[in-house]
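Okay, here's what each chain looks like letter by letter:
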Amino acid sequence: MTQLTQLLEQLRAIVGAGNVLTDGNLSAYEQDWRKREHGKSLAVVRPASTPEVAAVVKTCAAAGVSIVPQGGNTGMVVGSTPDASGTQVVLSLQRMNQVRALDGANLTVTVDAGCVLQAIQETCETAGFLFPLSMASEGSCTIGGNLGTNAGGTQVVRYGNTRELCLGLEVVTAQGEIWNGLSGLRKDNTGYDLRHLMIGSEGTLGVITGAIMKLYPLPATQLTAFVAVPSLDAAVQLLGLAHQHLSAGLTGFEVMGRFALSLVTKHFPQLRVPFADNATAPYCVVLENSDQESEAHARICFERLLEMAMEQGCVLDAVVAESITQARALWHIRESIPLAQAQEGLNIKHDISIAVSRIPEFVRLTDAQLQQAYPGARLVNYGHLGDGNLHYNVQAPAGVDAEAFLRDDEVGVNTIVYDMVDQFNGSISAEHGVGSLKREKLEQHKSPVALGMMRAIKQALDPDNRMNPGRVLSMQ
Ligand code: FAD
Ligand code: 2HG
Ligand code: ZN
């Protein structure tokens, strides 16, 4: 029996023959969401429990085979698919999808890592609680992937990133041991915080198998407004007013450039984008006010805010949703931008962060440099302005083949954007992570001291470099 046949037999014995996939169309596991890479796995293995994950990891370690943990495979940086070697096992957590417990008094929910984000939100809502993590991929992404990438989303301005929502983890180490850190404690100062080491490590330090996450009371009401603003400076000014007037009620503040919105109109004509014809509004903002008191109170706060903003000239026009259906429709426009962009063709994505106050200046300078170097490049600028996080994406000039643009100009475009990010003391990845797409850029933009500490941690926890090798850091 060859070593490979023996390994596959051992894996089948752990998870069942039907859950070791080697044949047929495995694109769902081997191709990344953006269609940047199509890898080839040795096998896709789908365990159903934490002990099964531990046994798979031990078996692969003994065979010298590396592992790519995978949740919903919605990541943006080619981090959850295998390389092209045919030697890596994709460890899919999708069968581990149970909500284990909900503790209303402790305001926590304990979940398997493979739970789909939307399913967690719905279970919690049915029980009368809010699980606030939210993003357009929520129907497919998993909480394990959210934790693996420390995902952000559209409610960070109030509730923080996934990291801030996590109180404990269960992890299978690179050696196949199980660490149960599901304490659910809000205070625990007993040494290094291993949970925070694992969160955002993109599967390079271990496999997250379970998590205990924070819950909040459901708000009495959530009001959504869609407003047209005369500039990005005005959007920042509006954000300041929104903080002042809504305080903790401000749960969403997303900016959308005109070109980004025009892609939504083009590819999803059934969605009605407000102010699409207002040529004086280069940006729109969607903002949300969650109120614990009443809808009437929420409306009064929103009206005051919008009145003040119009007086100060930072809002040109506004619609406030009259119903939940209308609110969803407004959010749907924002959430359709990534899909509209994908329909438009391959693109260069950036998820940068800069101090909110400096974002308009950053965009002015970077737009100008890009237009000079790549005349006609189309800037798809939108994102989480409330968090200082922009998706400053670049699409090929109209009529230019997208694949050719990426092949010839991606490096140059990235250099302009990331050098500017450095000048503004920002980050080259605010939410999507590093994966393999940004690994080299990380080497160039992170300090040698920070990289040294990261390598030391990786070396200590995964000395044989079997957990998602080639992602985040090169160990060569
Ligand atoms: P995957 O793509 O499967 O994996 C992502 C990374 O996490 C990989 O490195 C993988 O190895 C690792 N990983 C997965 N599961 C585990 C585990 N159990 N243990 C250890 N490591 C693991 N991201 C945002 O931050 N904010 C957004 O607003 C947002 N919006 C999006 C909208 C769309 C339409 C799409 C397609 C993506 C969006 N994303 C967003 C990106 C993506 O959805 C998130 O990164 C999400 O957290 C990935 O979850 P996943 O389960 O799909 O993970
Ligand atoms: C979002 O905020 C996601 O919609 C995706 O992070 C961003 O597609 C993108 O660039
Ligand atoms: Zn985002």
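Heads up: these notes are all about the structure in this document. (Residues numbered from 1 in each chain as written. Chains lettered and ligands numbered in written order. Predicted model: local features only at pLDDT ≥ 70, side-chain atom pairs only at ≥ 80, totals over all residues. Heavy atoms only, no water.)

In this section: the sheet that holds strand β1 (residues 20–21). Across the sheet, which stays open at both edges, the four strands sit in the order β1-β2-β4-β3 with mixed pairing between neighbours. With partners counted over all chains shown, the strands left at the sheet margins are β1 and β3 (67–70), one partner each. Examined bridge by bridge, β3 and strand β4 (residues 88–92) share four bridges and lie parallel to one another. Each residue of the ladder has a partner; that of Q70, found in β4, is S92. (Pairing = 2+ DSSP bridges. Helix = DSSP H or I, 4+ residues; strand = E, 2+ residues; numbered from the N terminus.)

The next thing to look at is the packing of aromatic side chains. Using the criterion set out here, one finds five aromatic pairs in the structure. Ring centres of F226 and F275 lie 6.3 Å apart, and the angle between their planes is 35°; this geometry places the pair in the tilted category. Here F226 is found in strand β12 (residues 221–229), whereas its partner F275 is found in the loop between α10 (258–267) and β14 (283–291), with 49 residues between them in sequence. With relative accessibility at 15%, the residue F275 sits in the buried group. For the ring pair F362 and Y392, a centre distance of 5.7 Å and an interplane angle of 75° mean the geometry is edge-to-face. Note that F362 is positioned in helix α14 (residues 359–373) and Y392 in strand β18 (residues 389–395), a separation of 30 residues in sequence. On the basis of relative accessible area, Y392 is assigned to the buried category, the value being 1%. (Phe/Tyr/Trp six-rings, centres within 6.5 Å; stacked < 30°, edge-to-face > 60°. Buried < 20%, exposed > 50% of the residue type's maximum accessible area, 1.4 Å probe, protein only.)

Turning our eyes to something else, we now look at helix α4 (residues 117–126). All buried positions along α4 are accounted for by L117, I120, Q121 and C124. Seen along its axis, α4 keeps its buried residues to an arc of 100°; they face one direction. Among the structural elements, β5 (99–103), β6 (108–112), β7 (129–130) and α5 (143–149) are those in contact with the buried residues of α4. (Arc of directions from axis to C-beta. Contact = heavy atoms within 4.5 Å.)

Quick look at the state of the cysteines now. One pass over the structure, following the stated rule, counts zero disulfides. Here C115 is not cross-linked by a disulfide; its sulfur's nearest cysteine counterpart is in C124, at 9.5 Å. With relative accessibility at 2%, the residue C115 sits in the buried group. With no disulfide of its own, C301 lies closest to C314 among cysteine sulfurs, the gap being 17 Å. Taking relative accessible area as the criterion, C301 reaches 11% and is therefore assigned buried. (Disulfide = S-S within 2.5 Å.)

Lining the immediate environment of ligand 1, one finds 35 residues, of which P69, G71, T74, S137 and T142 sit closest. Taking G203, its main chain carries an N or O atom lying 3.5 Å from a nitrogen atom of ligand 1. In the model, a nitrogen atom of ligand 1 is placed 3.1 Å from a nitrogen or oxygen of the E431 side chain. Coverage of ligand 1 by the protein chains reaches 97% of its 960 Å² of free accessible surface. When contributions to the shell around ligand 1 are tallied by element, the ones reaching two or more residues are β3, α5 and β10 (206–214). In terms of residue count, α5 provides more of the shell around ligand 1 than any other element does, four residues in total. For the shell around ligand 1, the per-class residue count stands at 12 nonpolar, 21 polar and two charged. (Near = heavy atom within 4 Å. Polar contact = N/O pair within 3.5 Å; in protein donor to acceptor, adjacent residues only side chain to side chain. Areas by Shrake-Rupley, 256 points an atom, 1.4 Å probe, with all protein chains shown as cover. Nonpolar A, V, L, I, M, F, W, Y, C, P; charged D, E, K, R; others polar.)

Attention now moves to the coordination of the zinc ion (ligand 3). The protein atoms that coordinate the zinc ion (ligand 3) are H384 (NE2), H391 (NE2) and E431 (OE), at distances spanning 1.7 to 2.1 Å. Counting residues between consecutive donors of the zinc ion (ligand 3) along the chain gives the motif H-x6-H-x39-E. Linking H391 in strand β18 with E431 in the loop between α15 (402–423) and α16 (439–445), this pair joins segments that are 40 residues apart in sequence. For E431, a relative accessible area of 10% corresponds to the buried category. (Donors = N, O, S within 2.8 Å, 3.2 Å for Na, K, Ca; no water.)

With respect to spatial proximity, the complete set of residues near ligand 2 consists of M76, R334, P338, K349, Y382, H384, H391, N393, E431 and H432. Taking K349, its side chain carries an N or O atom lying 2.7 Å from an oxygen atom of ligand 2. Considering only residue class, the shell around ligand 2 consists of three nonpolar, four polar and three charged.

When its volume is computed, the second largest pocket comes out at roughly 760 Å³. Around the second largest pocket, the lining is made up of 35 residues, and of these G200, V434, K446, M454 and V472 lie nearest the centre. (1 Å grid on protein atoms, 1.4 Å probe; cavity = no way out; pocket = protein on both sides within 12 Å on 5 of 7 lines; lining within 4 Å. Points joined across faces, edges and corners; volume = space filled by probe spheres on them.)

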